[in-house]
Amino acid sequence: GHGVIASDSIWQHRHLILGAVAIFIYVGSEVSIGSFLVNYFTQPYIGGLTERAAAGYVSFYWGGAMVGRFIGSAVLRKVSPGKVLGGAAVMASALVWISVATTGGVAMGSIIAVGLFNSVMFPTIFTLGIAGLGPLTGKGSSLMIMAIVGGALLPVLQGALADSIGIHMAFLMPAICYLYIVYYGFSGSKVIASSASLARG
């Protein structure tokens, strides 16, 4: 193959399309968790906190994202981005499952710790999604940016779940979402030559 030519369509690049889905799901999960934490921590069986105290803990969730970014950039010098993403998503998913399965301090601590692993996801998914696009990089980037709308849509879904199965169980949604990001990191992000470039040889 001669790589990507400008007449190619972005829709032929599987790692880009799957990457846009990953951005949608990642931003959706991060925002869903963040927007339900105050409500979650005020539940008597989780933290029993006042709203003001709960809001203080929520800042650790978003703050963890900053700390994680520094750790993540160090790890990325040594480990390939797909493996870093897959590993971070395994941890994030496991922590959400733990939070769903427990109560009290463990449920609180585990969900807050998700923030640490979220931090590396956005830049890593973005890098993987636009890898090898050449002249299509601009179009590919636009698709990835549009996928951020997941941050507006998935919290609505989690809200609907919270109303039907309770706020604790509703965290199963991001827990399952992170499993898709595990798949994307370890497998879906691999650049496979598009059928058009294969045909040209």
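The structure under discussion appears in the preceding block.
Here's what I pulled together on the structure shown here. (Residues numbered from 1 in each chain as written. Predicted model: local features only at pLDDT ≥ 70, side-chain atom pairs only at ≥ 80, totals over all residues. Heavy atoms only, no water.)

### A short note on the layout of surface pockets
What counts is decided by this rule: Cavities and pockets are defined on a 1 Å grid built over the protein atoms alone: a cavity is a set of grid points where a 1.4 Å probe fits but cannot escape, while a pocket is an open set with protein on both sides within 12 Å along at least five of seven lines, and lining residues are those with an atom within 4 Å of any such point. Grid points are joined across faces, edges and corners, and a volume is the space filled by probe spheres set on the points. Helix and strand assignments come from DSSP, with helices taken as H or I runs of at least 4 residues and strands as E runs of at least 2, each series counted from the N terminus. In this classification, Asp, Glu, Lys and Arg are treated as charged, Ala, Val, Leu, Ile, Met, Phe, Trp, Tyr, Cys and Pro as nonpolar, and every other residue, Gly included, as polar.
Volume-wise, the largest pocket comes out at about 180 Å³. For the lining of the largest pocket, the secondary-structure elements that each account for two or more residues are α2 (51-76), α3 (81-101) and α4 (104-118). Sort the elements by how many residues they give to the lining of the largest pocket and α2 lands first, with 4 residues. When the residues that make up the lining of the largest pocket are grouped by side-chain class, the tally is 7 nonpolar, 4 polar and no charged.

### Some thoughts on the packing of helix α1 (residues 14-42) against helix α9 (residues 172-188)
In plain terms, the rule: Fitted lines through C-alpha atoms serve as axes, helices being fitted only where they are in contact, and the angles separating the N-to-C directions of these axes extend from 0 to 180 degrees. Orientation is classified from the angle alone, with under 35 degrees giving roughly parallel, over 145 giving roughly antiparallel, 65 to 115 giving roughly perpendicular, and any other angle giving oblique. If you view the pair so one helix is near and one far, a crossing is left-handed when the near helix is turned anticlockwise from the far one by less than a right angle, and right-handed when it is turned clockwise. Throughout, a residue-residue contact means that at least one pair of heavy atoms, one from each residue, lies within 4.5 Å.
Running from N to C, α1 and α9 point in directions that differ by 150 degrees, and their axes come no closer than 9 Å. Accordingly, the angle class assigned to the pair α1 and α9 is roughly antiparallel. As for how α1 packs across α9, the hand of that crossing is left-handed. In this structure, α1 uses Arg14, His15, Leu18, Gly19, Val21, Ala22, Ile25, Tyr26, Ser29, Glu30, Ser32 and Ile33 to contact α9, whose residues at the interface are Met173, Pro174, Cys177, Tyr178, Tyr180, Ile181, Tyr183, Tyr184 and Gly188. The residue makeup of the contact of α1 with α9, split by class, is 14 nonpolar, 5 polar and 2 charged.

### Digging into a nonpolar patch on the surface
Keep this limit in mind: Here a patch means residues that are over 30% exposed by relative accessible area and free of salt bridges, tied together within 9 Å if like-charged and within 5 Å if nonpolar (Val, Leu, Ile, Met, Phe, Trp, Tyr). The method behind every accessible area is Shrake-Rupley, applied with a 1.4 Å probe, and residues are considered shielded solely by the protein chains displayed. Whenever a carboxyl oxygen of Asp or Glu lies within 4 Å of a side-chain nitrogen of Lys or Arg, that contact is scored as a salt bridge. Using a 1.4 Å probe on the protein chains alone, a residue whose accessible area is under 20% of its type maximum counts as buried, one over 50% counts as exposed, and one in between counts as partly exposed.
Nonpolar side chains collect at one region of the surface, where Val67, Ile71, Val75, Val79 and Leu116 lie side by side and expose about 350 Å² of accessible area between them. Element by element, the count of residues in the nonpolar patch is highest for α2, at 3 residues. Locating Leu116 in the fold gives a position in helix α4. Residue classification places Leu116 among the partly exposed residues on the basis of a relative accessible area of 34%.

### As for α4
So the rule is basically this: Expected span of a helix, by definition, is 1.5 Å for each gap between consecutive residues, and there is one gap fewer than residues.
The end-to-end C-alpha distance of α4 is 22 Å, a good match for the 21 Å that 15 residues give at a rise of 1.5 Å each. By the burial criterion, the buried members of α4 are Gly104, Ala107, Met108, Ser110, Ile111, Ile112, Val114, Gly115 and Asn118. Tucked inside the fold, the buried residues of α4 contact α1, α2, α3, α5 (121-129) and α9.

### A short note on the nonpolar core
Where we set the bar: Put simply, buried Ala, Val, Leu, Ile, Met, Phe, Trp, Tyr and Cys residues joined by side-chain atoms within 4.5 Å make one nonpolar core.
Formed by 55 residues in total, the largest nonpolar core has its most connected members in Phe41, Met121, Ile125, Phe171 and Ile181. The greatest single-element share of this core, amounting to 13 residues, is contributed by α1. Other than its neighbours up to four places away in sequence, Phe41 contacts Ile46, Gly47, Gly48, Leu49, Ala54, Tyr57, Val58, Met108, Ile111 and Ile112.

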